[in-house]
Amino acid sequence: MKVRVVVLVCLLVCGAHAGLFSSSEEECDNEHHVNRSMFDEDPDKAYELHNAAEEGLHMPIIGIGTGGYPNGDKWDDSVAEKAVLAFLKAGGRRIDTSLGYGTQKGIGRAIKKSGIPREEIFITTKVDSPTYGLVAIGYKEALKSVDLTLSDLDTDYIDLVLVHFPGDTFIEVEVTSSTKKPSCFKKPDNWQKCRKETWQALEKVFNDGKARAIGVANFMVPHLQELVDLGGMLPAVNQIEFHPYWHLEDVLDFCSEHDILVNGYAPLGAPDRMIKLRKEMPVILPENEVVKRIAKKAKMSPAQVLLRWSVQRGVVINPRTKDEKHMKELLAVLDLKLSKAQMAELYDIDDPPMNVCGDCRWTK
């Protein structure tokens, strides 16, 4: 039973884990079901983006992340430059970053050093505020964030720009009386206005040709519905935390219904952060007995099992790694395959009492 996904009524009432392939699903009144076909997704190397995206733009399934977590591995420009250059040389072509990560200048240098034409590389970034956190920052601040990113990366355009969070962030930022808050933030519960302004800024960025596609990150169904209700562009992508310990099926269903591609971050459950949260997460995901058993039978590493699980759910991934061996394992995932039974077994893994990042379901 998903102890944390309290808003998913069907999961709570019918036990979607246990009834994944059983007739007891009929008792859920067909209100919310897991898309079983996504347990057998067998994509090529990229997905075509829809909604707020240039026609024919494809997003590679495999990418590399370049942001650290609190109490996790540290990333900066020099670390990102070395890791991204190695990833590009290994054959990777998608990079995930953010102004708030402090890695964009290093990424720009790595791309130049690689000698690979810019048009062959897919860059995702996110608008946020280095002084106030990874938040929905409003119209003017979002436009400024994109311009700073273009300068940092030393590029004329970005392939995909995301709103980083629908509200406040799990990352602790030292806020003092002199800290300049986002202009849209006039009162504590004003996140809806901030989201709207930030999204409208990204629509301008897209129309001005500074981004080939725009999307969101960490948006839950109510936040996505707000964008539908605005009547303008819909996101091409929603980047959310996604792994067997944390997969919100209502978000996946909503995105599927509206042609929004799901981009999963922390597909390994961010073990560098998990390992320092032993009380809350006594077993880090790659060490889970189910994962290890499937890895042995499938002749994969535990990491590859977890990565392939996301890919077969139709989710594009960008784990963080500085290790060239791990990069090769990552890029080999597209050639691997898990059985439907193995996919279901991973889906059924008991959850820890918390996810790796902040829980945005309660952001108003």
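Residues numbered from 1 in each chain as written. Predicted model: local features only at pLDDT ≥ 70, side-chain atom pairs only at ≥ 80, totals over all residues. Heavy atoms only, no water.

A. Structural detail: the overall build of the protein. For the protein, the count of helices and strands is 12 helices and 10 strands. Relative to its 364 residues, the protein shows a buried fraction of 57%. The long-range fraction of contacts in the protein, counting pairs at least 24 apart against all pairs at least 6 apart in sequence, stands at 75%. Only carbon and sulfur atoms are counted for the fraction: they give 50% of the accessible area of the protein, which is about 15,800 Å². (Helix = DSSP H or I, 4+ residues; strand = E, 2+ residues; numbered from the N terminus. Buried < 20%, exposed > 50% of the residue type's maximum accessible area, 1.4 Å probe, protein only. Contact = heavy atoms within 4.5 Å. Areas by Shrake-Rupley, 256 points an atom, 1.4 Å probe, with all protein chains shown as cover.)

B. Representation of the sheet that holds strand 5 (residues 122–127) within the structure. What the 8 strands build is an open sheet, ordered 3-4-5-6-7-8-9-10; its pairing is parallel. Two strands close off the open sheet at either side, each with one partner strand: strand 3 (64–65) and strand 10 (316–317). In this structure, strand 7 (residues 214–217) lies alongside strand 8 (residues 237–241), joined through 2 bridges in parallel fashion. Note on strand 8: the bridge partner recorded for Ala217 is Gln239. Contacts between helix 4 (residues 139–153) and the sheet are confined to strand 5 and strand 6 (160–163), with strand 5 contributing the most and set at about 140 degrees to the helix. Across the sheet, helix 5 (residues 191–207) lies against strand 5, strand 6 and strand 7, angled at about 150 degrees from strand 7, the strand it touches most. (Pairing = 2+ DSSP bridges. Axes fitted to C-alpha atoms, helices over the stretch in contact; angles between N-to-C directions.)

C. Structural context of the pattern of salt bridges. What the rule picks out here adds up to 14 salt bridges. Its salt-bridge partner being Lys113, residue Glu81 comes within 2.5 Å of it at the nearest N-O pair. Taken as a pair, Glu81 in helix 2 (residues 77–90) and Lys113 in helix 3 (residues 104–114) lie far apart in primary sequence, 32 residues in all. A salt bridge links Asp154 to Lys112; the nearest nitrogen and oxygen atoms lie 3.4 Å apart. Of this pair, Asp154 sits in the loop between helix 4 and strand 6 while Lys112 sits in helix 3; the two residues are 42 residues apart in sequence, bridging distant segments of the chain. For Asp154, a relative accessible area of 51% gives the class exposed. (Salt bridge = Lys/Arg side-chain N within 4 Å of Asp/Glu carboxyl O.)

D. The arrangement of the environment of Gly269 in detail. Residue position: Gly269 is located in the loop between strand 9 (261–265) and helix 8 (271–274). A C-alpha to C-alpha distance of 6.7 Å links Gly269 and Val356, two positions 87 residues apart in sequence. If near-sequence neighbours (up to four positions away) are discounted, Gly269 is found in contact with His243, Met274, Leu285 and Val356.

E. Seen up close, the confidence of the model for the protein. Across the protein, the average pLDDT comes to 82, with 75% of residues at or above 70. In this model, residues 1–37 is a region of pLDDT below 50 whose contacts with residues beyond four sequence positions or in other chains number 69 contacts. Contacts from residues 170–177, a stretch scored under 50 in pLDDT, to residues over four places away or in other chains number 13 contacts. (pLDDT = per-residue confidence, 0-100.)

F. The arrangement of the pairing of strand 5 in detail. When you tally the buried positions in strand 5, you get 6 out of 6 residues, the bulk of the element. Burial of the side chains of strand 5 extends over both faces: Phe122, Thr124 and Lys126 are buried on one face and Ile123, Thr125 and Val127 on the other. Relative to strand 5, strand 4 (residues 94–96) runs parallel, the two being bridged by 3 bridges. If you follow Ile95 over to strand 5, its bridge partner there is Ile123.

G. Expanded view of unusual backbone geometry. The phi angle at Asn51 is positive, at roughly 65 degrees, despite the residue not being glycine. According to the relative accessible area criterion, Asn51 is partly exposed, its value standing at 35%. The phi dihedral of Asp154 falls on the positive side, at around 55 degrees, and the residue is not glycine.

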